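Chains, contacts and geometry: an overview
Each chain, written out:
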Amino acid sequence: MRAIIVDDEPLAREELQEMLQSHPEIEVVAQFGNAIECLKHLKQLQAEVLFLDIEMPQISGLELANMIDSDNAPAIVFVTAYDQFALDAFEQNAVDYLLKPIDSERLCKSIKRLKERLPSIKQTEADAPANHSYQTMLKEQQLRLIPCYYQQRVKLIRLEDIEHASSDLSGVHVATENGSYHTQLTLKVLEDKSPLLRCHRQHLVNVEAISEISLEDNGGAVLFTKSGEQLPVSRRYFKAIKEHFGL
Amino acid sequence: MILSDFSLLLSLAQQMSVFLVIAYLLSKTPAFLPLTNLSPRLPNTLTIYCLFSGFCILGSYFGLAIDDAIANTRAVGAVLGGLFGGPVLGLLVGFTGGMHRYFMGGFTDVACAVSTTLEGLVGGLFHLWIRRRSLHNEHLFSPTIAFVATLIAETLQMLLILLIAKPFEQALALVEVIALPMVLANSVGAALFMMMIRDRRRLYDKFSSHSSAKALNLAQRMVGVFHQGFKQQDAVRIANIIHEETGVSAVAITDTQQVLAFKGMGSDHHHAGRPISSKQTYQAINENRVVFADGVEEPYQCSSSDKCPLGSSLVVPIRGSENDVIGTVKLYESKRRLFLHINRALGEGIAKVIAEQLRDSHVQQQQQLLTEAELKLARAQINPHFLFNALNTISAVVKRDASSARQLIADLALFLRINLKRNQQSSLVSVELEHVNAYLHIEQVRFADRLVIKQDIDESFMHLELPTFTLQPLVENAIKHGTAHLLETGKITIYSRLNNGVKQLVVEDNAGLYQKPEQATSEGLGMHIVDTRLRNAFGASFALQVECQLNQYTRVIISLPKEPNQ
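**Quick look at the overall build of chain A**
On a plain count of helices and strands, chain A comes out with 8 helices and 15 strands. Summarising the internal contacts of chain A: among those between residues at least 6 apart in sequence, 57% fall at separations of at least 24. Of the roughly 12500 Å² of accessible surface on chain A, 46% is carried by carbon and sulfur atoms.

**Some points on the sheet that holds strand β13 (residues 210–215) of chain A**
Backbone hydrogen bonds hold the strands of a sheet together, and the pairing may be parallel or antiparallel. All names here are of chain A. Read across the open sheet, the 3 strands follow the order β13-β14-β15; overall the sheet is antiparallel. Edge strands, defined here as strands with exactly one partner in the open sheet, are β13 and β15 (230–233). Averaged over neighbouring strand pairs, the angle between their axes works out to 25° when direction is ignored. Examined bridge by bridge, β13 and strand β14 (residues 221–225) share 5 bridges and lie antiparallel to one another. Each bridged residue has a counterpart across the sheet, and for I210 the counterpart in β14 is T225. Contacting β13, β14 and β15, helix α8 (residues 235–245) crosses the sheet at an angle of about 130° to β13.

**Looking at the interface of chain B and chain A**
How big an interface is tends to be stated in terms of the accessible area lost upon association of its parts. Of the residues lining the interface, 21 residues belong to chain B; the matching set on chain A comes to 20 residues. Between chain B and chain A lies a buried interface of about 1900 Å² when both sides are counted; carbon and sulfur atoms form 54% of it. When the buried surface of chain B facing chain A is broken down by residue, N392(B), R400(B) and L487(B) rank first, second and third, together holding 31% of it. Applying the counting rule to chain B against chain A returns 5 salt bridges. Notably, a salt bridge pairs R450(B) with D8(A), separated by 3.2 Å at the nearest N-O pair. With 12 residues, the single largest contributor to the side of chain B that touches chain A is helix α11 (residues 341–400) of chain B. Here the residues of the side of chain B that touches chain A are counted per class, giving 11 nonpolar, 6 polar and 4 charged.

**Observations regarding the sheet that holds strand β11 (residues 197–200) of chain A**
Residues and elements named next belong to chain A. Here 7 strands make up an open sheet; going across it, the order is β7-β6-β10-β9-β8-β12-β11 and the pairing antiparallel. Lying at the two open borders of the sheet, with one neighbouring strand each, are β7 (153–158) and β11. Along the sheet, successive strands turn relative to each other by an average axial angle of 35°, direction set aside.

**Notes on unusual backbone geometry**
Cis geometry is adopted by the peptide bond preceding P101(A), which originates at K100(A) and carries an omega value of -10°. Residue Q58(A) is not a glycine yet carries a positive backbone phi of 65°. By secondary structure assignment, the location of Q58(A) is in the loop between β3 (49–53) and α3 (61–67). By relative accessible area, which is 29% here, Q58(A) ends up partly exposed. Positive phi outside glycine occurs at A448(B), with the angle close to 50°. Relative to the helices and strands, A448(B) resides in the loop between α13 (429–447) and β9 (451–456). Given the relative accessible area of 29%, A448(B) is considered partly exposed.

**As for the pattern of salt bridges**
As a working rule, side chains carrying opposite charge can pair if their charged atoms are close by. Under the defined criterion, the tally for this structure stands at 24 salt bridges over all chains. For R400(B), the salt bridge identified is with E18(A), shortest N-O distance 2.7 Å. Of the two residues, R400(B) is situated in helix α11 and E18(A) in helix α1 (residues 10–21); the pairing between them involves two chains. Exposure remark for E18(A): the relative accessible area of 29% places this residue in the partly exposed category. One connected set of salt bridges, linked through shared partners, spans E14(A), E18(A), K399(B) and R400(B).

**Remarks on the nonpolar core**
Ranked by size, the top nonpolar core spans 41 residues in total, and within it I4(A), I146(A) and L190(A) carry the most contacts. The contacts of L190(A), once residues within four sequence positions are left out, are L143(A), I146(A), A165(A), V172(A), V174(A), L185(A) and L204(A). Among the nonpolar cores identified, the runner-up in size contains 40 residues, and L433(B), A438(B), V475(B) and V530(B) belong to it.

**Some words on the packing of helix α8 (residues 168–222) of chain B against helix α9 (residues 232–246) of chain B**
Residues and elements named next belong to chain B. Contact pair α8 / α9: the axes reach a minimum separation of 10 Å and the direction vectors enclose 165°. Compared by their axis directions, α8 and α9 come out roughly antiparallel. Handedness of the crossing formed by α8 with α9: right-handed. For the pair formed by α8 and α9, the contact residues are K214, N217, L218, R221 and M222 on the first element and I238, I241, I242, E244, E245 and T246 on the second. Each residue belonging to the contact of α8 with α9 can be placed in one class, and the counts come to 5 nonpolar, 2 polar and 4 charged.

**Section: the pairing of strand β13 (residues 545–549) of chain B**
Residue and element names in this part refer to chain B. Summarising the sheet, β13 and strand β14 (residues 553–560) pair through 5 bridges and their orientation is antiparallel. Pairing of V546 across the sheet is with V556, part of β14. Linkage of β13 to β14, two consecutive antiparallel strands, is achieved through a turn of 3 residues, within which N551 is found at a positive phi near 65°.

**Quick look at helix α7 (residues 143–164) of chain B**
Residues and elements named next belong to chain B. Taking 1.5 Å of rise per residue, the 22 residues of α7 would be expected to cover 32 Å, and the 31 Å separating its terminal C-alpha atoms lies within 8% of that figure. Among the residues of α7, those classed as buried are P143, I145, A146, A149, T150, A153, E154, Q157, M158, L160 and I161. Structurally, α7 contributes buried residues whose contacts are with α4 (74–85), α6 (109–133) and α8.

**Here's the deal with the packing of aromatic side chains**
All names here are of chain B. According to the stated counting rule, one finds 13 aromatic pairs over all chains in the structure shown. Geometrically, the ring pair formed by F52 and F193 is tilted, given 6.2 Å between the ring centres and 50° between the ring planes. On the criterion of sequence distance, the pair formed by F52 in helix α3 (residues 42–62) and F193 in helix α8 is long-range, its members being 141 residues apart. Taken individually, F52 and F193 each receive the classification buried, so the pair is uniform in this respect.

**What to know about a nonpolar patch on the surface**
All names here are of chain B. A surface patch of nonpolar side chains, amounting to about 560 Å² of accessible area, comprises Y102, F103, V110, V114, L163 and I164. Of all elements in the fold, only α5 (87–103), α6 and α7 reach the threshold of two or more residues within the nonpolar patch. Mapped onto the fold, F103 is located in helix α5.

**Observations regarding the environment of V79(A)**
Structurally, the position occupied by V79(A) is in strand β4 (residues 75–80). When the C-alpha positions of V79(A) and D96(A) are compared, they lie 8.8 Å apart, and in sequence the two are 17 residues distant.

**Overview of the confidence of the model for chain A**
Close inspection of predicted coordinates is inappropriate for parts of the model with low pLDDT. Overall, the predicted model of chain A reaches an average pLDDT of 84, with 85% of residues at or above 70. This stretch, residues 123–130 of chain A, has a pLDDT under 50; its non-local contacts, to residues over four places away or in other chains, come to 4 contacts.

**Remarks on the confidence of the model for chain B**
Residue and element names in this part refer to chain B. Mean pLDDT over chain B works out to 83, with 93% of the residues at or above the 70 mark. Per-element confidence in chain B is highest for β9, whose mean pLDDT is 95, and lowest for helix α2 (residues 33–37), whose mean pLDDT is 68. Confidence metrics for the complex model read pTM 0.58 and ipTM 0.80.

About the criteria used
Residues numbered from 1 in each chain as written. Chains lettered and ligands numbered in written order. Predicted model: local features only at pLDDT ≥ 70, side-chain atom pairs only at ≥ 80, totals over all residues. Heavy atoms only, no water. Helix = DSSP H or I, 4+ residues; strand = E, 2+ residues; numbered from the N terminus. Contact = heavy atoms within 4.5 Å. Areas by Shrake-Rupley, 256 points an atom, 1.4 Å probe, with all protein chains shown as cover. Pairing = 2+ DSSP bridges. Axes fitted to C-alpha atoms, helices over the stretch in contact; angles between N-to-C directions. Buried area = accessible area lost by both parts, 1.4 Å probe. Salt bridge = Lys/Arg side-chain N within 4 Å of Asp/Glu carboxyl O. Nonpolar A, V, L, I, M, F, W, Y, C, P; charged D, E, K, R; others polar. Buried < 20%, exposed > 50% of the residue type's maximum accessible area, 1.4 Å probe, protein only. Core = buried A, V, L, I, M, F, W, Y, C linked by side-chain atoms within 4.5 Å. Parallel < 35°, antiparallel > 145°, perpendicular 65-115°, else oblique. Left-handed = near helix turned anticlockwise from the far one by under 90°. Expected span 1.5 Å × (residues − 1). Phe/Tyr/Trp six-rings, centres within 6.5 Å; stacked < 30°, edge-to-face > 60°. Patch = residues over 30% accessible without salt bridge, like charges linked within 9 Å, V, L, I, M, F, W, Y side chains within 5 Å. pLDDT = per-residue confidence, 0-100.

Below, the structure written as structure tokens:
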């Protein structure tokens, strides 16, 4: 199993990696000091397991879990010092949590559990009753910040600043009044976990940022955002937008 | 003629003396009170009317019959009635006196009836004139004005007798005889009468201002004595103050069991610390009421010595927060002295002031307990999170670097020891720093190069005092709510500085994420407690200051008071 460790404490990462070395079935392919770095490389690393700390700068472990597209999500094991919330949230959950300092026997159990369940998570994604509470929790949780990459820097965009999100060949972009940024999140994640509304197969729009709706002959429409950009509206999604404005 | 004038004057003066004696005796009774405060209410007016009408009538009765007429001192009553009561009342008094005179007959009956009524009016006009001219009532009590008013009124009377009484020759002869003595005797009498009232009034004023000054002084001196509850040494201080201020023979303060303090006469056999023995004190405690043994009908009986010089006592219960008796204040007078009424009132007031103070101190203590409880809560809240992370760090280090692990354990032990075992209110900056450093070493190892710590504190700060547990929560906040949220390296700087001559300790981070908490939530709790304790220790001007530049820095500033010996 390909694994990634995300923790903001270097010693904690090393400690866990060392403990995992005695489990040959786990291969640690990368370590990250924060959630944003992890998200950036997650796709290409194709990890199957994430060992996630919860308390991390800017974007917490829980939020990172929330940002991952559930279609091919890795299994997540939370590793936390003391967090009542984590205990509550995952009490009846198949995905494991570990308490720091990690007990090696407890880690063994956790890995055994991962081995048993990993294939089943992927197979029965649609109707996995064991994961039900975890999945609904993740679905209900809203995103707060969207990590974006701009040249060599990371920008955290607040949801309310976004005018629209669009995908093209180069990936997903979120557009704000001050420019457009690239993000690793998929349009589907953004649609599910934010108030952004889908207006086209390739576009989500923040309804707060719509300044004008121009109707087209073919039953579709064109949206104008506050910064003057145009977004196409397909017939399929127009209904939802009309409903939103009570048209 | 001159001789008879003089003898008439003498006998009028005699009459006046009887008047004055009656007036003096009256001045000892409550009936006199309306004259000293001049309230316009009906009972007052009625008293004035009856009093001065009475004087008018008496004046007529005491008068000397001369040639079918009466030389008299009636005018005093009418003029003074007008002076005190105003024109309407003056007219009424004069009319009453006049009617009475009319029915006594004689050839001047009509003239006297009319003139007496007018004399009342003259007094009333003077009243009006003084009221209009100045707001100060004091002038109403001026003997000079009473003299002048009566002089005018009597002169008027003489003229009226000449005008109205028939036959004119007889009237003229009468007036020649009585005019001078009557005018003189009445005017002087009115002036003397007024002088007496004025003196009486001043005495009241002086007495009441003296006793209020006494009461205020007492209250002022007692403020803050009982701020730590009902303690014996405070009771002794209070007893001394009461003894000095009231001048009673002796003062005792008891709780419900024993005498806490005794001061004054008889202190040779009344000792603090003895159980309560007097019947009156038991009564006061058990029945929750003031018990007074006046020394005449009910004597105070000292239970420990037959030769006790104390003869009367007042026992006032001190009531606690639920109106229950928690002790008593006792005032004694010796057998040779009378218990002053004012001291009785003061005794009850004293018990109220003490009860009030105890209530205040109770509230304060509760507040302090609350702060202590919050402090404990804050310590307990901080610990687990930090503790588990620290243990995790140690467990990571232990294989790699045993001596570093040992150092971490020592730091953790030191941190916990200081954290758990702090009972004293204040500690030195150096001790606070020790606590902070133990904490910071662990955090430094945890976060490695994600955290840079700098410390620059002047040596002269080390021996200054701070409330315990002041610095560490601020440093912990700077990491937990500051640098821990940074993707780049966090910097914590702890330094000392002089700001306008004020010594300050500053905890600065480079995150600049401080937000003023809306209320005392768990996040704001640490800061809130530190702030409260600083205010309690040093005063409101030493509250915690926060300077924050968003995404640049947050500075939390502790100001330290100047040392008292410098």
